[in-house]
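# Structural overview
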Amino acid sequence: MTTRFYILWLLSFYIAFVFIQSLFFKFTGAEESIYIFSTLRAWSGIALFEPVGRWAIGTAELVASILLFMPRTRIFGAALAIGIMSGAIFFHLFTPLGVVIMGDGGELFTLACGVWISGWIILALSADDVREWIIFARNGFRPGPAT
């Protein structure tokens, strides 16, 4: 087994750990999660941010976590994690939410950045798989050489 193998599993585990431990807060309606999504609801005027947005993000994080542990779908889990965390980072930086949430010292923001970077590293280390899927998609999701 190569160093690449261990790095991919370590980063996948890190992302899944961050996502799965946050599911409890999102799915049980913990004070911190309700605060975050209510702040975004008030800022955006989009009523669905709380509770639907909280549940949708939690579900997407769960799906990404599952995808990360199947080698054939790892790149999709990484891409989903990047997308989710791009949104989180945006909302932390460019809305009233801010970097520090309820006195956490920026921990949630730091974890989001760590997941985002980890996702990009997984994709970089899986460049051959990414190219293979791009060719597959260009072929109309049929096996065969690129046209």
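Here we summarise the structure given alongside this text. (Residues numbered from 1 in each chain as written. Predicted model: local features only at pLDDT ≥ 70, side-chain atom pairs only at ≥ 80, totals over all residues. Heavy atoms only, no water.)

### A look at helix α1 (residues 3-28)
Over its 26 residues, α1 extends 38 Å from the first C-alpha to the last, a length consistent with the 38 Å expected when each residue adds 1.5 Å. At Ser22, α1 is bent by approximately 30°, the largest bend along its length. Looking at α1, one finds that the buried residues are Leu8, Leu11, Ser12, Ile15, Ala16, Val18, Phe19, Ser22, Leu23 and Lys26. Gly29 sits one or two residues past α1 and shows a positive phi near 70°. (Helix = DSSP H or I, 4+ residues; strand = E, 2+ residues; numbered from the N terminus. Expected span 1.5 Å × (residues − 1). Bend = angle between axes of the 7 residues up to and from the residue. Buried < 20%, exposed > 50% of the residue type's maximum accessible area, 1.4 Å probe, protein only.)

### Observations regarding the packing of aromatic side chains
Taken as a whole, this structure holds twelve aromatic pairs when the rule is applied. The interplanar angle of 75° and the centroid separation of 5.4 Å between the aromatic rings of Phe90 and Phe91 together place this pair among those described as edge-to-face. Over the face of the ring belonging to Trp9 we find Arg74, whose NZ or CZ atom lies 4.6 Å from the ring centre. (Phe/Tyr/Trp six-rings, centres within 6.5 Å; stacked < 30°, edge-to-face > 60°. Lys NZ or Arg CZ within 6 Å of the ring centre and 35° of its normal.)

### Remarks on the nonpolar core
Counting residues in hydrophobic clusters, the biggest one holds 20 residues, and the most contacted among them are Ile15, Phe19, Met85, Val115 and Ile122. Those elements giving two or more residues to this core turn out to be α1, α3 (52-68), α4 (74-94) and α5 (107-125). By residue number, the principal contributor to this core is α4, which donates seven residues. The residues touching Val115, leaving out its near neighbours within four places in the chain, are Tyr14, Ile15, Val18, Phe19, Ala81 and Met85. Of all hydrophobic cores here, the second largest spans seven residues; its members include Ile36, Leu40, Leu97 and Ile101. (Core = buried A, V, L, I, M, F, W, Y, C linked by side-chain atoms within 4.5 Å. Contact = heavy atoms within 4.5 Å.)

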